[in-house]
Amino acid sequence: MMLYYIAIGLMIISSILSGLAPVYLKKSSYPAEKFGYKYNVLHRLNLLIGVILYGISNVIGIIAFKFGEVSILYPFMALSYIWVCLFSMKILKEKMNINKWIGISFIIIGVICIGGSV
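Residues numbered from 1 in each chain as written. Predicted model: local features only at pLDDT ≥ 70, side-chain atom pairs only at ≥ 80, totals over all residues. Heavy atoms only, no water.

(A) View of the nonpolar core. Core analysis: the biggest nonpolar cluster contains 13 residues, and Met11, Leu73, Phe76, Leu79 and Ile104 have the highest contact counts within it. Counting only elements with at least two residues in this core, the list comes to helix H1 (2-28), helix H4 (79-91) and helix H5 (98-115). (Core = buried A, V, L, I, M, F, W, Y, C linked by side-chain atoms within 4.5 Å. Buried < 20%, exposed > 50% of the residue type's maximum accessible area, 1.4 Å probe, protein only. Helix = DSSP H or I, 4+ residues; strand = E, 2+ residues; numbered from the N terminus.)

Below, the structure is given as structure tokens:
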């Protein structure tokens, strides 16, 4: 049973990294001509960070799968949608509306229902 909790913890970490990756990819998509030469380096760095975060997220997920059932663990990756919203609010200064918050609440309910079946 303890291994399941370790696996769930790993999947939550994986979802956090998976939620942060698109923020860096978005930052890498800003037009280069707006920022000049310095931006080209930053653009490539943001792209590289985003891809690396996705890679690390997948490796952690694969490790977690060794300790539990995919049908229970993989739904925890839905938390990455929540992390994307939170990180984009904080880092990219994007706005949240009521529909997004309602969607987040449904994701949390779903993850609790599935994760609670351990």
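(B) Looking closely at the environment of Ile62. Position of Ile62 relative to the elements: it lies in helix H2 (residues 37-65). According to the relative accessible area criterion, Ile62 is exposed, its value standing at 55%. Taking the C-alpha atoms as reference, Ile62 lies 9.1 Å from Met11; in sequence the two are 51 residues apart.

(C) Molecular detail of H5. Its 18 residues place the ends of H5 26 Å apart at the C-alpha level, agreeing with the 26 Å of an ideal helix rising 1.5 Å per residue. Within H5 the residues assigned to the buried category are Ile104, Val111 and Gly115. Along the long axis of H5, the arc covered by the buried residues comes to 25°, so they all point the same way. What points out from H5, more than 90 degrees from its buried face, is the exposed set Ile98, Asn99, Phe106 and Cys113. Taken together, the buried residues of H5 touch H4. A side-chain oxygen of the first residue of H5 lies 3.1 Å from the backbone nitrogen of Asn99; this N-cap is Asn97. (Expected span 1.5 Å × (residues − 1). Arc of directions from axis to C-beta. Contact = heavy atoms within 4.5 Å. Polar contact = N/O pair within 3.5 Å; in protein donor to acceptor, adjacent residues only side chain to side chain.)

(D) View of the packing of aromatic side chains. Overall, the coordinates contain 2 aromatic pairs when judged by the stated rule. When the ring of Phe65 is compared with that of Tyr74, the centres are 6.4 Å apart and the planes differ by 35°; the resulting orientation is tilted. (Phe/Tyr/Trp six-rings, centres within 6.5 Å; stacked < 30°, edge-to-face > 60°.)

(E) Main features of unusual backbone geometry. Residues other than glycine seldom take positive phi values, yet Lys93 does so here, at roughly 60°. Relative to the elements of secondary structure, Lys93 occurs in the loop between H4 and H5.

(F) Region of interest: the packing of H1 against H4. Where H1 meets H4, the axes come as close as 8 Å, and the angle between the chain directions of the two elements is 45°. Classed by the angle they form, the pair H1 and H4 counts as oblique. With respect to the hand of their crossing, H1 and H4 are arranged in right-handed fashion. When H1 is examined against H4, the residues Ile12, Ser15, Ile16, Ser18, Gly19, Leu20, Pro22, Val23 and Lys27 are found in contact with a partner set consisting of Leu79, Ser80, Trp83, Val84, Phe87, Ser88 and Ile91. Partitioning the contact of H1 with H4 into residue classes produces 10 nonpolar, 5 polar and 1 charged. (Axes fitted to C-alpha atoms, helices over the stretch in contact; angles between N-to-C directions. Parallel < 35°, antiparallel > 145°, perpendicular 65-115°, else oblique. Left-handed = near helix turned anticlockwise from the far one by under 90°. Nonpolar A, V, L, I, M, F, W, Y, C, P; charged D, E, K, R; others polar.)

(G) A look at H4. Between the first and last C-alpha of H4 there are 18 Å, a value that for 13 residues agrees with the 18 Å anticipated at 1.5 Å per step. Burial in H4 covers these residues: Leu79, Ser80, Ile82, Cys85, Phe87 and Ser88. Those residues of H4 hidden inside the fold are in contact with H1 and H5. Of the residues trailing H4, Lys93 is marked for its positive phi of about 60°.

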